[in-house]
Amino acid sequence: MVHISRRTVLTSALAAGAGVALGPRLATAHAAQGVPTLVPAGHDPVDLHWLEGGSPAALAGGTTWGVPWPRGAFAPDQQLALTTAAGEPVPVQTWPTGWWPDGSVKWTAHAVSAEAPRAESYRLAAGRPSTPGKRVTVRETPGEITVDTGTVQVVFARNGNQVVRAIRRGGQDVALGGRLIVSRQDVPDTDRSGSVRHESFTGAVDRVTVEQSGPVRAVVKVEGRHRKGQRSWLPFVLRFYLYAGSDGVRVVHTFVFDGDENRDFITGIGVTFSVPMRGEAYDRHVRFAGADGGVLSEAVRGVTGLRRDPGAAVRTAQVEGRALPDPATWDQRVTSRLHWVPQWGDYSLSQLTAHGFEIRKRTGPGHSWIRVDGGTRAAGLGYVGTPSGGLAFGMRDFWQLHPTELEITGAATDEAEATVWLWSPRAEAMDLRFYHDGLGQDTYPEQLDALEITYEDYEPEFGTPYGVARTTELMFWALAATPTAERFTELAAASATPPLLVADPGHVHSAGVFGSWAPADRSTPARAAIEDNLDRMHAYYVDQVDQRSWYGFWDHGDVMHEYDGDRHQWRYDVGGYAWDNSELSTDLWLWYHYLRTGDATAFRLAEAMTRHTGEVDQYHLGTWKGLGTRHGVMHWGDSAKQVRISNANYRRFHYFLTADERVGDTLHELVDSDRTFLVLDPGRKINGGGPFDPDPSALGVGQTTDWGALAGAWLTEWERNGDPIARTKLLNGARSIAALPNHWVQGSVRYDLADGTFTGPAEPSVSIGSLSSVFGLIEVMTELIDLVDEPEVEAAWVEFCRLYNGTAAEQVAATGASWGSLNLRQSYSRATAYAAARLDDTTLARRAWTEFRTGHAGYPADHPFETVRVEPPRVLNAVDEGRFSTNASAQYGLAAIQCLALVGEEL
């Protein structure tokens with residue numbers, strides 16, 4: 001394999017693209033390239049509100065969000081101030097996350113602490129920011145890093161098996177020895193025969209980095225691997241978020257699977273802390289958040305419900321978590337017999353399915369577990385401690401990411417253990433093996449023939465999970481006292497759904513980000529009908545996720561691809577019709593629906609999908625790093641590994657709206673994903689699978705589906721970091737494609753890995769497929785053309801948009817050949833609309849609406865999307881059923897959104 005360094009190429013290519021500068025090194029770049037000095041235009045204040053509305057009672061330590069700004073509004077050094085709607089200053093930390101080509105700020109990220117003034121709405125404007133009374137500070141020594149929020153101190157180890165050495169509050173250790181734990185066995189639970197080997201591993205720290213150090217927010221990144229003896233596996237990345245004055249610590253936990261799915265069956269993945277237990281057993285408290293705001297409140301040694309009554313004051317104090325009065329003041333019939341009351345030292349809340357949790361407890365090892373209670377969907381927060389303080393610990397999407405567990409052990413001893421299990425040891429061992437034996441598909445012809453019936457692109461050894469990842473969000477609070485039931489419920493809600501500040505759709509749209517879209521508009525009957533259809537389709541996604549229980553550790557965030565109307569079931573077991581894996585840009589349409597509506601449910605659905613598709617459906621290490629897996633029964637099962645799935649165009653919304661560093665990592669991983677064409681031949685089954693010896697200067701990268709995904713990664717990296725190579729490859733690609741005889745439909749093209757340019761024969765030819773632009777190419781080209789002044793690129797792209805749904809005669813006149821009978825014509829109505837808008841052509845605009853309303857390979861616009869109720873016994877559980885394909889609905893949604901934005905006046 002040829003290795004090409006990004007930092008040792010492109011000397012001439014950089015010069016070719018020197019007309020545009022971007023990024024944090026703005027002053028130097030502008031001086032070198034002659035870009036005029038920016039004169040900021042300023043911008044009116046931006047109103048912000050909480051995504052779910054109202055004012056949240058608690059935050060997950062704090063909150064971080066993103067805001068876009070119009071081109072030329074602010075210079076990179078512009079300060080921004082935050083106030084409540086009433087004008088009260090709010091301490092805020094601000095940093096830029098994206099830039100316009102003229103050097104002005106395109107996106108800013110902001111952080112406020114849970115200690116900041118709380119209001120239903122806020123205002124962000126140019127000005128000097130308020131600073132917190134308690135600033136978060138970071139102190140580094142050779143052996144450790146200490147972050148002090150002014151309320152709690154967290155000590156991180158630079159190496160060793162303890163990720164967090166201590167969490168302290170008021171000079172007292174609240175939690176100690178925070179560490180990662182993993183267990184495995186060598187056979188699955190379902191196939192046990194004979195002996196089973198069990199092993200446990202502990203996360204070992206390799207590197208710790210301070211990414212932010214205040215004054216409002218500090219971020220500490222910890223990287224390492226799980227180790228035991230000579231084995232080192234399951235690399236992890238943790239990010240700890242601490243906010244000024246807050247006692248909460250948010251943790252984003254990512255691990256990558258690099259085991260052997262036939263030998264490594266994970267039986268537990270957890271994060272655990274030791275919690276010092278002080279005082280008597282009757283003053284030691286356990287709390288679990290259940291469903292619908294319920295709280296289980298217990299003591300290690302209970303004094304309620306006994307045959308003898310210690311007194312109302314004693315009982316009330318224990319239930320509320322306060323220190324009990326001196327036992328000398330109790331009814332002595334209880335005091336003298338306390339030693340006969342068991343101490344319940346171990347507790348467990350396990351959520352093994354999305355529909356039921358159970359709480360159990362025991363006095364200690366060697367004794368049976370006693371069932372306490374149960375319910376449907378636990379909020380995912382526990383607590384262990386005393387009236388003088390303790391640790392609350394929990395997990396976001398607790399029931400959605402089952403099998404999960406919160407466990408407390410040793411609460412009757414001097415030191416309890418509090419563990420968040422991301423994969424519960426009470427569940428079956430994780431089994432990631434491929435789901436069938438190949439069915440005799442040993443040759444490429446056999447595999448292609450099977451594709452014709454199951455739509456599954458199978459190939460031996462390709463259905464591997466090696467390199468896929470999972471990210472989970474955790475919360476820890478170092479509390480000064482056992483929380484009241486009301487406060488515990490508030491913390492549980494903040495952990496389960498972290499409150500987020502957002503700008504309204506009007507401002508985001510006015511900033512000119514994310515291409516062609518506009519806020520939802522029901523000003524005419526025709527517009528209202530389309531908006532209603534979009535809402536109904538989106539609601540169907542939401543409802544199906546719950547009705548079909550699309551939850552689970554590896555599944556949460558994805559949706560199914562195609563429906564089986566005969567079985568009244570999604571085709572979960574039919575090859576490529578099962579999990580969607582971003583096919584035809586489901587992610588894109590869900591994000592655009594949120595942008596247009598500002599709907600909280602829409603945001604949360606798109607957010608969960610980004611977490612899933614950017615981790616589970618994408619390889620993060622190994623030979624296929626940077627590639628995603630086509631749709632299938634298992635998320636990693638299909639043999640088509642493609643950049644169209646590991647698509648930055650799908651992730652960038654979440655990054656810019658939240659400034660989430662983990663999503664930023666996944667975006668950065670893709671900046672060199674063009675190198676994957678050196679290691680895997682995407683056309684191997686079509687060309688017979690001959691010897692693969694790729695020439696780095698003549699790779700088989702397609703200029704539509706492939707390049708659109710690569711362009712999204714480069715555009716995002718360019719916007720975020722001013723990366724000159726990403727910028728140059730992006731511009732070189734667009735320019736060289738536009739210079740081809742038939743531009744985006746030219747056949748027999750080759751790609752040069754060194755500088756991102758395409759070359760092809762001098763003679764025009766046509767090579768085009770219906771999937772060309774339905775994986776983000778239309779959207780990324782819309783953004784690119786708005787960013788840079790490239791008339792030749794724009795003209796070539798507009799021609800492609802005009803011709804796709806054009807007549808054969810129009811195609812022959814422009815390119816020398818008919819493009820054939822192309823599919824997805826409704827989807828490409830948005831391409832026609834784009835051409836109409838750029839050419840100011842009312843005939844094309846009318847054609848776009850005709851194409852959209854006809855509904856070819858989609859949904860006729862004059863037929864509202866409707867569902868029917870299907871009841872048992874025809875189905876297992878009552879469900880709503882629609883004539884539905886996630887692909888068709890996504891493309892209907894994207895077409896509607898862009899037609900409305902580009903040629904809406906034609907309604």
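Residues numbered from 1 in each chain as written. Predicted model: local features only at pLDDT ≥ 70, side-chain atom pairs only at ≥ 80, totals over all residues. Heavy atoms only, no water.

## Brief notes about the overall build of the protein chain
Condition: Per the convention used, a helix needs a DSSP run of H or I reaching at least four residues, while a strand needs a run of E reaching at least two, with both numbered from the N terminus. Under the scheme applied here, a residue whose accessible area is under 20% of the maximum for its type counts as buried, over 50% as exposed, and between as partly exposed, the area being computed with a 1.4 Å probe on protein chains only. Each accessible area value is a Shrake-Rupley result obtained with a 1.4 Å probe; residue values ignore everything except the protein chains displayed when judging cover. When charges are tallied, Lys and Arg are placed among the positive residues and Asp and Glu among the negative ones, while His and the ends of the chain are skipped. By convention, the point assigned to a charge is CZ for Arg, NZ for Lys, CD for Glu and CG for Asp.
A count of helices and strands for the protein chain gives 20 helices and 36 strands. Seen through its principal axes, the protein chain has C-alpha atoms that stretch 100 × 65 × 60 Å. When each of the 907 residues of the protein chain is scored for burial, the buried share is 59%. Within the structure as shown, the protein chain displays about 32,900 Å² of accessible surface, and the carbon and sulfur contribution to it stands at 49%. Charge separation in the protein chain, taken as the distance between the mean sites of 83 positive and 111 negative side-chain charges, equals 6 Å.

## As for the pattern of salt bridges
The condition is simple: Salt bridge criterion: a side-chain nitrogen from Lys or Arg within 4 Å of a carboxyl oxygen from Asp or Glu.
Taken as a whole, this structure holds 61 salt bridges when the rule is applied. Arg596 is the salt-bridge partner of Glu531, the closest N and O atoms lying 2.6 Å from each other. One end of the pair, Glu531, is in helix α8 (residues 525-547); the other, Arg596, is in helix α9 (residues 586-597), and 65 residues separate them in sequence. Judged by its relative accessible area of 2%, Glu531 is buried. When salt bridges with common partners are traced through the structure, they connect Glu52, Arg250, Arg396, Glu473, Arg604, Glu607, Arg611 and Asp660 into a single cluster.

## Considerations on the sheet that holds strand β1 (residues 46-50)
We count it as follows: Strand pairing is defined by DSSP finding a minimum of two bridges between the two strands.
Taken in spatial order, the five strands of this open sheet run β4-β3-β7-β1-β28, and their pairing is antiparallel. The open sheet has two free edges, formed respectively by β4 (89-90) and β28 (501-503), since each of these has just one partner strand. Pairing of β1 with β28, which is carried by three bridges, proceeds in the antiparallel orientation. Considered in β28, the bridge of Leu48 is made with Ala503.

## Describing the sheet that holds strand β5 (residues 93-99)
Using the following cut-off: Note on definitions: angles span 0 to 180 degrees between N-to-C directions of axes, and those axes are lines fitted to C-alpha atoms, for helices only across the stretch in contact. Any two residues having at least one pair of non-hydrogen atoms within 4.5 Å are treated as being in contact.
The three strands are arranged β2-β6-β5 in an open sheet whose pairing can be described as antiparallel. Strands at the two margins of the open sheet, each flanked by one partner only, are β2 (62-68) and β5. Adjacent strand axes in the sheet meet at a mean angle of 20°, parallel and antiparallel pairs treated alike. Strands in contact with helix α11 (residues 648-658) are β2, β5 and β6 (105-113); relative to β2, the strand with the most contacts, it is inclined by about 115°. Lying on the sheet, helix α13 (residues 705-721) is in contact with β5 and β6; it crosses β5 at an angle near 135°.

## Structural notes on the pairing of strand β7 (residues 121-126)
Across four bridges, β1 lies against β7 in antiparallel orientation. Note that in β7 the partner of Val46 across the bridge is Leu124. In this sheet, β7 lies alongside strand β3 (residues 80-84) in antiparallel orientation, the contact comprising five bridges. Looking across to β7, one finds that Thr84 is bridged to Tyr122.

## Digging into the packing of α13 against helix α15 (residues 777-787)
To be explicit about the condition: Small angles under 35 degrees read as roughly parallel and large ones over 145 as roughly antiparallel, with 65 to 115 read as roughly perpendicular and the rest as oblique. Left-handed is the label given to a crossing in which the near helix is rotated counterclockwise from the far helix by less than a right angle, and right-handed is the label when the rotation is clockwise. In this classification, Asp, Glu, Lys and Arg are treated as charged, Ala, Val, Leu, Ile, Met, Phe, Trp, Tyr, Cys and Pro as nonpolar, and every other residue, Gly included, as polar.
At a closest axis distance of 9 Å, the pairing of α13 and α15 adopts a crossing angle of 40°. When the interaxial angle is binned, α13 and α15 end up oblique. Between α13 and α15 lies a crossing whose hand is left-handed. Of the residues in α15, those touching α13 at Trp707, Gly708, Ala711, Gly712, Leu715, Trp718 and Glu719 are Leu777, Val780, Met781, Glu783, Leu784 and Leu787. Across the contact of α13 with α15, the residue classes tally to nine nonpolar, two polar and two charged.

## Some thoughts on the side chain of Thr254
Applicable threshold: Polar contact is defined as a pair of N or O atoms within 3.5 Å, subject to the rule that within protein one atom must be able to donate a hydrogen and the other to accept it, and that residues adjacent in sequence are counted only when both atoms are side-chain atoms.
Following the sequence through the fold, Thr254 ends up in strand β16 (residues 248-256). In terms of polar contacts, Thr254 uses its side chain to reach the side chain of Thr471, at 2.6 Å. Beyond its immediate chain neighbours, meaning those up to four positions away, Thr254 contacts Pro235, Phe236, Val237, Ala469, Arg470, Thr471, Glu615 and Arg662.

## Looking at the confidence of the model for the protein chain
Rules: pLDDT is a residue-level measure of predictor confidence that goes from 0 to 100.
Overall, the prediction assigns the protein chain a mean pLDDT of 94, with 95% of residues at 70 or greater. A low-confidence stretch, residues 1-37 (pLDDT under 50), is modelled with 75 contacts involving residues beyond four sequence positions or located in other chains.

## Observations concerning the side chain of Thr613
Tracing the backbone through its elements, the reader meets Thr613 in helix α10 (residues 600-613). The class for Thr613 is buried, based on a relative accessible area of 0%. In contact with Thr613, other than residues within four places in its own chain, are Ser582, Asp587, Gln618 and Arg651.

## Some thoughts on helix α19 (residues 842-854)
Since the α-helix advances by 3.6 residues per turn, residues separated by three or four positions end up pointing in the same direction. Where we set the bar: Expected span of a helix, by definition, is 1.5 Å for each gap between consecutive residues, and there is one gap fewer than residues.
Helix length check: α19 (13 residues) gives 18 Å between terminal C-alpha atoms against 18 Å at 1.5 Å per residue, within 8%. Looking at α19, one finds that the buried residues are Leu844, Ala845, Arg847, Ala848, Trp849, Glu851 and Phe852. Each element contacted by the buried residues of α19 is listed here: α8, α16 (791-804), α17 (808-815), α18 (829-839) and α20 (886-903). If you check the start of α19, you find a side-chain oxygen 2.9 Å away from the backbone N of Thr843, and it comes from Asp841.

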